[in-house]
Amino acid sequence: MLKIVSYEQKQLKILLTRKLHDFAIKELRKRYDVETHTGKIPMPRELLVSKIRDKEGLICYPYDTIDSDVIQAGRKLRAISTFSVGYDHIDVKAATRRGIVIGYTPEVLTRATADLTMALMLAVFRRILEGNDIVRKNKWRVIFGPYEFLGSDLYGKTLGIFGMGRIGKAVAKRASGFEMKILYHNRKRLAVQEERKLDVKYVSLDELFRKSDVITIHSPYTRNTHGIVNLKLLKKMKKTAFLINTARGKIVNEKDLIYALKKGIVAGAGLDVFWKEPISGRHPFSKMKNVVIMPHSGSSTVETRAEMAQITVKNLVFALLGKKPIYQVRI
Ligand code: DGY
């Protein structure tokens, strides 16, 4: 991987809030004095605050809250490397004020997350989980019939992509393979050439929700997107339309979505992320037949997670060497 090990680097202390791949730990141990939290996940806050005090580097995960208190406690902290594309769990302003460099892992998880989005879309359109359940619970009676167990085609349907960054674009590419029509809404409209290449049409958020047969969320979670998908917006959806979320749970007002699903305001949902994770089998979503749930697994493939680990390590090493990380979060 990386060849540079200096005596000076060996003196640096780093904290991992959870174990990473063995190859990654090995790489880190060659360079640093490594402390890995092995207890409760997420690492309890008081423990994090006390352990960060003498560390120069931190490797964290999307569920670790790295707020201004943690950053303040880390008086020696020079680099934070998160094993995620999302960095809404880090107080970027507070870290930047202190000159702390933040690394993250975009790009490598784009394909896996776009794939899971399509999987959720297919699962809700074709009622995959219900079908699976019928057979396993010994309820398969009619073999094949004109009205038996109907789902809907993706072909010809309108897909609404909310957030046209890397993952949104990867979803658009996949959806055009299914011959869907694609609308999108983004903070910034794409260049016309790129719109043409992707065969996508820019619309307002309102129009996106009114016209789509399935909406998929790929915007970052920020103050502006907090709870943005609320009942008012959900009510604009077609009653036959589905909502897919593989971005962040808090972009959707969860209570409103539960209400909309119960009242038939929307047809169903495919959800990988939730307001507060993990959710249990008692959560209202877990009891709904028209909701397909995954446990926050957008990037959970063997290949992607290994690539994420490599980048997480490289980001930290580069930042601690005073170099630019492969992917740096900037305000
Ligand atoms: C991320 O990287 O932010 C994802 O949500 C984790 O799967």
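Further up the page is the structure itself.
Quick caveat, the model's predicted, so the values are computed rather than measured. (Residues numbered from 1 in each chain as written. Predicted model: local features only at pLDDT ≥ 70, side-chain atom pairs only at ≥ 80, totals over all residues. Heavy atoms only, no water.)

Chemist: Just give me the short version of the overall build of the chain, but keep the residues and values in it.
Modeler: For the chain, the helix and strand inventory stands at 13 helices and 12 strands. Taken over C-alpha atoms, the radius of gyration comes to 22 Å for the chain, in line with the 20 Å a tight globule of 331 residues would show. Summarising its shape, the C-alpha atoms of the chain cover approximately 75 × 50 × 35 Å along the three principal directions. In the chain, buried positions account for 49% of the 331 residues. A separation threshold of at least 6 residues defines the contact pool for the chain, and within that pool the share at least 24 residues apart is 60%. Summed over all atoms, the accessible surface of the chain reaches about 17400 Å², with 52% contributed by carbon and sulfur. (Helix = DSSP H or I, 4+ residues; strand = E, 2+ residues; numbered from the N terminus. Rg over C-alpha atoms; globule rule 2.2 N^0.38 Å. Buried < 20%, exposed > 50% of the residue type's maximum accessible area, 1.4 Å probe, protein only. Contact = heavy atoms within 4.5 Å. Areas by Shrake-Rupley, 256 points an atom, 1.4 Å probe, with all protein chains shown as cover.)

Chemist: Break down the packing of helix α6 (residues 110-126) against helix α8 (residues 166-177) for me, with residues and values.
Modeler: For the pair α6 and α8, the least separation of the axes is 9 Å and the interaxial angle reads 50°. Put simply, α6 runs oblique to α8. The element α6 and its partner α8 pack so that their crossing is right-handed. Of α8, the residues touching α6 (which contributes Thr110, Arg111, Thr113, Ala114, Asp115, Thr117, Met118 and Met121) are Arg166, Ile167, Ala170, Val171, Arg174 and Ala175. For the contact of α6 with α8, the class distribution of residues is seven nonpolar, three polar and four charged. (Axes fitted to C-alpha atoms, helices over the stretch in contact; angles between N-to-C directions. Parallel < 35°, antiparallel > 145°, perpendicular 65-115°, else oblique. Left-handed = near helix turned anticlockwise from the far one by under 90°. Nonpolar A, V, L, I, M, F, W, Y, C, P; charged D, E, K, R; others polar.)

Chemist: Can you lay out a nonpolar patch on the surface for me, pointing to particular residues and giving the numbers?
Modeler: Taken together, Val135, Trp140, Ile143 and Phe144 make up a surface patch of nonpolar side chains, about 560 Å² in accessible area. Within the secondary structure, Phe144 sits in the loop between α7 (128-136) and β6 (158-162). Accessibility expressed as a relative area gives 77% for Phe144, which makes it exposed. (Patch = residues over 30% accessible without salt bridge, like charges linked within 9 Å, V, L, I, M, F, W, Y side chains within 5 Å. Salt bridge = Lys/Arg side-chain N within 4 Å of Asp/Glu carboxyl O.)

Chemist: So, helix α2 (residues 22-31): which residues are in play, and what are the values?
Modeler: Within the span of α2, buried status applies to Ala24, Ile25, Glu27, Leu28 and Arg31. The buried residues of α2 occupy an angular sector of 160° when the element is viewed end-on, so they sit on one face. When the buried face of α2 is taken as reference, the exposed residues oriented beyond 90 degrees from it are Asp22 and Lys26. (Arc of directions from axis to C-beta.)

Chemist: Please set out the packing of aromatic side chains residue by residue, giving values where relevant.
Modeler: Enumeration over the complete set of coordinates arrives at seven aromatic pairs. A ring pair is formed by Phe274 and Phe285, whose centres lie 6.1 Å apart and whose planes are at 50°; its orientation type is tilted. Of this pair, Phe274 sits in the loop between β11 (268-271) and β12 (291-293) while Phe285 sits in the loop between β11 and β12, placing them 11 residues apart in sequence. A relative accessible area of 5% means that Phe274 is categorised as buried. Taken together through their ring pairs, the aromatic side chains of Tyr61, Tyr63 and Phe83 make up a single cluster. (Phe/Tyr/Trp six-rings, centres within 6.5 Å; stacked < 30°, edge-to-face > 60°.)

Chemist: Tell me about the site of the ligand, and name the residues and values.
Modeler: With respect to spatial proximity, the complete set of residues near the ligand consists of Ser84, Val85, Gly86, Leu109, Arg248, His296, Ser299 and Arg305. Within the side chain of His296, a nitrogen or oxygen atom sits 2.7 Å from an oxygen atom of the ligand. Ser299 is positioned with one of its side-chain polar atoms (N or O) 3.0 Å from an oxygen atom of the ligand. Class assignment for the residues of the shell around the ligand results in two nonpolar, four polar and two charged. (Near = heavy atom within 4 Å. Polar contact = N/O pair within 3.5 Å; in protein donor to acceptor, adjacent residues only side chain to side chain.)

Chemist: Quick rundown of the sheet that holds strand β2 (residues 33-36)? Include the residues and the values.
Modeler: Reading across from one edge, β2-β1-β3-β4-β5 is the order of the five strands in this open sheet, with parallel pairing throughout. The open sheet is flanked by β2 and β5 (101-103), the only strands paired with a single partner. Across the sheet, the axes of successive neighbouring strands diverge by a mean angle of 15°, strand direction being ignored. Pairing analysis gives three bridges linking strand β4 (residues 79-82) to β5, with the strands arranged parallel. Among the inter-strand pairings, Ser81 is bridged to a residue of β5, identified as Gly103. In this fold helix α13 (residues 302-320) packs onto β1 (13-16), β3 (57-60), β4 and β5, with an angle of close to 170° to the strand it touches most, β4. (Pairing = 2+ DSSP bridges.)

Chemist: Can you lay out the environment of Asp153 for me, pointing to particular residues and giving the numbers?
Modeler: Topologically, Asp153 is positioned in the loop between α7 and β6. We classify Asp153 as partly exposed; its relative accessible area is 47%. Remark: the alpha-carbon pair of Asp153 and Phe125, spanning 28 residues in sequence, is separated by 6.9 Å.

Chemist: Tell me about the nonpolar core, and please be specific about residues and values.
Modeler: Counting 73 residues, the largest nonpolar core has Leu20, Leu28, Tyr32, Leu58, Ile66, Ile80 and Met121 as its most contacted members. Counting only domains with at least three residues in this core, you end up with domain 1 (13-108 + 302-320) and domain 2 (110-293). Setting aside anything within four residues of it in sequence, one finds Leu20 in contact with Ile25, Ile59, Tyr61, Phe83, Ala309, Thr312 and Val313. (Core = buried A, V, L, I, M, F, W, Y, C linked by side-chain atoms within 4.5 Å. Domains from an automatic or database assignment.)

Chemist: Account for the packing of α2 against α13, with residues named and values stated.
Modeler: Between α2 and α13, the least distance of the axes is 9 Å, while the angle of their chain directions is 15°. Between α2 and α13, the angle is such that the two are roughly parallel. Remark: the crossing between α2 and α13 carries right-handed chirality. Touching Phe23, Ala24, Glu27, Leu28 and Arg31 of α2 are Ala306, Ala309, Gln310, Val313, Leu316 and Val317, all from α13. In terms of residue class, the contact of α2 with α13 is built from eight nonpolar, one polar and two charged.

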